[in-house]
Amino acid sequence: MESGSKRTSGNYIKLKEKELRRWQDSFATMAGVYLCCLDMTGEKITDFSGDMHEVSVIKKAVDDIHIRNIFQRVTEGELEDQAVERTTIPNLRVAAVAAKLEGNAQLVWIVCAVLKDAEYEPDLYTESPITDFSYITNEKKFYNSLDFLRVTSLTLVKGYKSVNQAAASTAENFKRSEDFKVSFHRAELMTDIVSLLDSDDEIEDIMTQILMKVCEYLDISNSFICRMHSEDNLMDVVVQWTADGVYRIFEEDKDLDRCWFLGRTHMVAVSPSTAMNSGEKEQLEDLGIQGVVSVPISLSDQTPFYACFAETREDKRNKDWVVDDIKFINDSIRILQSIITKRLQKNSIASSFQSLESVLDNVGSSIYVRCMKTDELLFANRSLKKHFAKELQKNTLKELFEENIPPRSHSGNYEIYYEEKDRWFDLYYTRIKWVDGRLVSLCAIYEITEKKIYQKRIEQQAYTDFLTGLYNRLCCERDLVSYVEKAKKNNSKGMLMYLDLDDFKKINDGLGHQYGDILLQDISAAIKNIDGVQNSCYRMGGDEFVIIVPPENYHKLDNILEEIRRAFATPWYLKDGDYYCTMSMGTVEFPTAGDTVEELIRKSDIAMYEAKKSGKNRISQYSENIDASTIRRLDMEKAMYKAVEDGCREFTVKYQPMLDIKGKTPKLVAFEAFVRWNSKILGKVSPSEFISLAEYLGLINPIGEHVFREAAKCCGIWSKKLKRKLNVHVNMSVVQLMQPDISEKLKSAVEEAGIKPEQLILDVTEALTMNNTERTKGAMEKICELGVRLSLDDFGTGYSSISGLRALPFAAVKVDKTISSELGNEEYARSLILSLMDLSGALGANVCVEGVENEAQEKILKELKVPLVQGTYYDGPMTAGEFEKKYI
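Residues numbered from 1 in each chain as written. Predicted model: local features only at pLDDT ≥ 70, side-chain atom pairs only at ≥ 80, totals over all residues. Heavy atoms only, no water.

Caption draft 1: Structural detail: the overall build of the protein chain. Of regular secondary structure, the protein chain possesses 30 helices and 34 strands. Taken over the C-alpha trace, the protein chain has a radius of gyration of 41 Å; the compact-globule value for 888 residues is 29 Å, which it surpasses by more than 25%. Each of the 888 residues in the protein chain was classed as buried or not, and the buried ones make up 49%. Sequence separation of 24 or more characterises 63% of the internal contacts of the protein chain that already satisfy a separation of 6 or more. Of the roughly 44,100 Å² of accessible surface on the protein chain, 48% is carried by carbon and sulfur atoms. (Helix = DSSP H or I, 4+ residues; strand = E, 2+ residues; numbered from the N terminus. Rg over C-alpha atoms; globule rule 2.2 N^0.38 Å. Buried < 20%, exposed > 50% of the residue type's maximum accessible area, 1.4 Å probe, protein only. Contact = heavy atoms within 4.5 Å. Areas by Shrake-Rupley, 256 points an atom, 1.4 Å probe, with all protein chains shown as cover.)

Caption draft 2: Looking closely at the pairing of strand β14 (residues 366-371). β14 sits mainly inside the fold: 6 of its 6 residues count as buried. Judged by which residues are buried, β14 turns out to be covered on both faces: Ser366, Tyr368 and Arg370 on one side and Ile367, Val369 and Cys371 on the other are all buried. Summarising the sheet, β14 and strand β18 (residues 439-447) pair through 6 bridges and their orientation is antiparallel. Among the inter-strand pairings, Tyr368 is bridged to a residue of β18, identified as Cys443. Looking at chain direction, β14 and strand β15 (residues 377-380) are connected through 3 bridges and run antiparallel. Note on β15: the bridge partner recorded for Arg370 is Leu377. Hairpin connection of β14 to β15: 5 residues between the antiparallel strands, including Asp375 at a positive phi of 65°. (Pairing = 2+ DSSP bridges.)

Caption draft 3: Expanded view of the sheet that holds β14. Spatially, the 5 strands line up as an open sheet ordered β15-β14-β18-β17-β16, and their pairing is antiparallel. On the outer flanks of this sheet lie β15 and β16 (411-418), each paired with one strand and no other. For this sheet the average axis-to-axis angle between neighbouring strands, irrespective of direction, equals 20°. Here strand β17 (residues 423-433) runs beside β18; their pairing, made up of 9 bridges, is antiparallel. Its bridge partner being in β18, Arg431 is matched across the sheet by Ser441. Packing of helix α13 (residues 449-461) onto the sheet brings it into contact with β16, β17 and β18, and relative to β17 it is tilted by some 130°. (Axes fitted to C-alpha atoms, helices over the stretch in contact; angles between N-to-C directions.)

Caption draft 4: Expanded view of the sheet that holds strand β11 (residues 268-270). Judged by pairing direction, the sheet is antiparallel, and its 6 strands sit side by side in the order β10-β9-β8-β13-β12-β11 without closing on themselves. Lying at the two open borders of the sheet, with one neighbouring strand each, are β10 (256-257) and β11. Two strands pair when backbone bridges link them, and strand β8 (residues 222-228) and strand β9 (residues 234-242) are joined in this way by 7 bridges, in the antiparallel orientation. Looking at the pairing, Met228 lines up with Met235 of β9. The sheet strands contacting helix α6 (residues 203-218) are β8, β9 and β13 (302-311), and the helix crosses β9 at an angle near 60°.

Caption draft 5: Structural context of the packing of aromatic side chains. As enumerated under the stated definition, the model contains 29 aromatic pairs in all. Considering the side-chain rings of Phe401 and Phe425, the 6.2 Å spacing of their centres and the 85° angle between planes classify their relative orientation as edge-to-face. Here Phe425 lies in strand β17 and Phe401 lies in helix α12 (residues 397-401), a separation of 24 residues in the sequence. The pair Phe401 / Phe425 is uniform in exposure class, with both members buried. Between Tyr414 and Tyr429, the aromatic rings sit 6.1 Å apart at their centres with planes inclined by 55°, giving tilted as the arrangement. (Phe/Tyr/Trp six-rings, centres within 6.5 Å; stacked < 30°, edge-to-face > 60°.)

Caption draft 6: Broad picture of unusual backbone geometry. Of note, the amide linkage connecting Phe590 to Pro591 takes the cis form, showing an omega dihedral of 0°. By secondary structure assignment, the location of Pro591 is in the loop between β24 (583-590) and α18 (597-613). A positive phi angle, close to 55°, is found at Asp794, a residue other than glycine. Here Asp794 is to be found in strand β31 (residues 789-795). Look at Asp794 and you get partly exposed, because its relative accessible area is 26%.

Caption draft 7: Focus on the pattern of salt bridges. Throughout the structure, instances matching the rule amount to 52 salt bridges. Residues Asp236 and Arg227 are paired through a salt bridge, measuring 2.8 Å at the closest nitrogen-oxygen approach. Asp236 sits in the buried class, given a relative accessible area of 6%. Measuring nitrogen to oxygen at the nearest pair gives 3.9 Å for the salt bridge that ties Glu710 to Lys713. Note that Glu710 and Lys713 are positioned in helix α21 (residues 700-722) at a spacing of 3 residues, about one turn of the helix. Look at Lys713 and you get partly exposed, because its relative accessible area is 40%. Salt bridges sharing partners connect three or more residues here, namely Glu705, Arg709, Asp741, Lys745 and Glu752. (Salt bridge = Lys/Arg side-chain N within 4 Å of Asp/Glu carboxyl O.)

Caption draft 8: Examining the nonpolar core more closely. With 76 residues, the main nonpolar core has Met640, Phe651, Tyr655, Trp677, Ile703, Ile833 and Leu861 as its most contacted residues. The leading source of residues in this core is α21, at 9 residues. Contacts of Phe651, omitting those with residues within four sequence positions, involve Met640, Ala643, Val644, Val675, Arg676, Trp677, Phe690, Ile703 and His706. Membership of the second largest hydrophobic core comes to 55 residues, among which are Ile193, Val214, Ile339 and Ile367. (Core = buried A, V, L, I, M, F, W, Y, C linked by side-chain atoms within 4.5 Å.)

Caption draft 9: Looking closely at the environment of Tyr120. With respect to the element layout, Tyr120 can be found in the loop between β7 (104-114) and α4 (139-165). You can call Tyr120 partly exposed: its relative accessible area is 28%. Spatially, the C-alpha atom of Tyr120 lies 38 Å from that of Val788, the residues being 668 residues apart in sequence. Each residue touching Tyr120, except ones within four places of it in the same chain, is listed here: Arg86, Pro90, Tyr125 and Pro129.

Caption draft 10: Region of the structure containing helix α17 (residues 557-569). Here α17 spans 18 Å end to end across 13 residues, near enough to the 18 Å set by a 1.5 Å rise per residue. Burial in α17 covers these residues: Leu557, Ile560, Leu561, Ile564, Ala567 and Phe568. All buried residues of α17 project into a common sector of 120° when viewed along the axis, lining one side. For α17, the exposed residues lying more than 90 degrees away from the buried face are Asp558, Asn559 and Ala569. Lining the buried residues of α17 we find β19 (494-501), α16 (513-528), β21 (544-549), β22 (572-574), β24 and β25 (619-621). (Expected span 1.5 Å × (residues − 1). Arc of directions from axis to C-beta.)

Caption draft 11: Region of the structure containing a negative patch on the surface. A surface patch of negative charge is lined by Asp200, Asp201, Glu202, Glu204 and Asp205. Structurally, Asp200 can be placed in the loop between α5 (167-195) and α6. (Patch = residues over 30% accessible without salt bridge, like charges linked within 9 Å, V, L, I, M, F, W, Y side chains within 5 Å. Lys, Arg positive; Asp, Glu negative; His and termini not counted. Charge placed at Lys NZ, Arg CZ, Asp CG, Glu CD.)

Caption draft 12: Up close: helix α7 (residues 278-287). Within α7, the full set of buried residues consists of Glu280, Gln283, Leu284 and Leu287. Down the axis of α7, the buried side of the element spans an arc of 95°, and every buried residue falls inside it. Turned more than 90 degrees away from the buried face of α7, the exposed residues are Ser278, Glu285 and Asp286. Elements in contact with the buried residues of α7: β11. Sitting at the amino-terminal end of α7 is Asn277, which places a side-chain oxygen 3.1 Å from the backbone nitrogen of Gly279. The first or second residue beyond α7 is Gly288, which carries a positive phi of 75°. (Polar contact = N/O pair within 3.5 Å; in protein donor to acceptor, adjacent residues only side chain to side chain.)

Caption draft 13: Just the environment of Thr818, in detail. Structurally, the position occupied by Thr818 is in helix α27 (residues 817-820). When the C-alpha atoms of Thr818 and Leu843 are compared, they prove to be 23 Å apart, with 25 residues separating the residues in sequence. Discounting residues that sit within four places of it in the chain, Thr818 has contacts with Thr797 and Tyr828. At 2.7 Å, the side chain of Thr818 and the side chain of Asp816 are in polar contact.

Note that all results are geometric; they support no functional claim without further evidence.
Quick look at the structure:
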């Protein structure tokens, strides 16, 4: 998984490694984590950010195989966009965060964090926790960082997609942005040049400064100012400036031959395409000039000086002069002309002011000059008179633009929002001496409204759910803090409402995800239009929404609840038909029932589960009297999610022997695997509690895979030790069987364990055989083709037991313990087992009786010649160590 020089991430974006790396490093520093970025194939776009030594330690604990596995978790399924796992170091966690478009991961972040508050069992680790790394964070900040990273990454990939779809618009925006930057820089530089009016430096130094500023800005190699002789055709070079690494045009500065492009009363621009005679060309070649602009400097109706800007570099030989550049040169020299005039004719202020006014009238910003002592407005250019005529008339410019200037600040800039015009401006100010010697404040104003709108749009995207247009979880948590504080301050109250769609999965799976998305969008539009909550509706993820009734609208609560009920009482039009989708909603009042985000969301969640438990399609308000079972279920759900995220380590597998009793002593031929959950948060949880919840939440798939992989490994190890084949039975639900890749996962487990496929037997219930859908049959037939066998579990509990035997080629039939418990009491139990034994030969299936609890039951089963038994009479489910010690 080595990174290349450039990677593409999906069809929509092409990330630039340097830009991504720069952003990644900043995020790592801000969040206190170590992270790298992978493309959609798992290849690294960037390597880990952080100290090289610390990164090397992390790479040993989180190797490429670990990275590949967690990468697959968030990219190969639709349930997970984000996953967190433990590592071999107790307080080091690794996470994967996927940014997905249309269900496909475009890029994946691998994030490693050293947690200072990590909880762990020291006996389970051989390595010590990390205590001296540069980046150390806590668990809450770590998870918040992951949420922020996922949101901003999704914004990034969607932004790149938008770029590809709107290239022409982007190019235009880029040009506007670049033009704005150029105009801003040019106006800023012109302000610097104007400030030289007040300089007490020698006139030659001022000339050199202006030449340097113009040449550096326009990337011109040489410039000089020369004075014409009045008595002959010669000239003197007054000052000369050259760029670094460029030769001087004139080695001497006195009595030089006058250049042919001087001596005129107007500006002259010469480029390679300019028509010249042979003598003119020869003089330029002798001087090494590729192109030149000369500007006359007039004083008292005479032109004693010329300012020249020349390009002598060979790689610029084809330089053509741009109109804007020539105008900038001319404006700059006009200011120099004013400076010279001021020095030579101190009493001719009016003439200098006229030149300066001409220059400032043609710069690309609004400019005004105010006397610091009297507040008198001394000058306003054309642009300011056009855009701020009303403010000029009312004399409010200082109040509007200069209120935030620090008292002793000489120059600077800041942004201003002008509410009356609904416009944003950037103010650049400087304190200088004006042409008449007064100390003035010169302010240049640039409109930046488009830039601010663009920035606001980018910020808003980080708080918006892209599917529905509602605000997202991040925005909800931010706003809820604000609403709670407002309610506390005003001694008022608000309401948090947690809404979950009832049976949304049926519509999503039945009609297709595209119609599920349309339904979510329609519901979002409906609740967003309810009066009182237009700006406080949020999508928390999946089919869950939050609506906040702000304190100022709490008096509308009854109407808001009625509008929500009315919205879900009408059908939604989907795929040429009407479909009903109801909701269950939990509400909690703040700040009376809670004043923190975590507490309020938890309590509204509890109330929502109470509504679902009461029959769905209803609203329940949180109270301390809510049934404890609702809270228990919610706690169990959250603990289960956390346990699965932690690699199912809390779920242990226990084994019960299946024995052959045809001989004198029972012989071990197989064993059944049972899952048990010892939660770190809840303690031991009964299978009758958590298995149905795992199926409901869709978590039975990772839990079930953990079980059959562990069971297969034990089967392989014990078969080798006994030097004979053992079979292992694993319970399999319909939810697991319906996974599209279940056969591949079973094949992988068999191969890793080193057993034959027929040694793995999946116990399915009789109810599953009654499911005649093509999808169910296809799934089971595919498993049989793999060589993995099926067993009919809990036989005798259904209403069509015998017919169920013919549904599939079962390797075994397991009689339920409700039948075996009646042996010796009820004749029908003996008859049923006897009939099944008669059929077993024709079916080619072994019979195993479950729930054998005493010697009398064993004796009857031996008489009936039942080959296999299982029950507490022999042993209950036990740990792998206990099982191996007794039977292997």
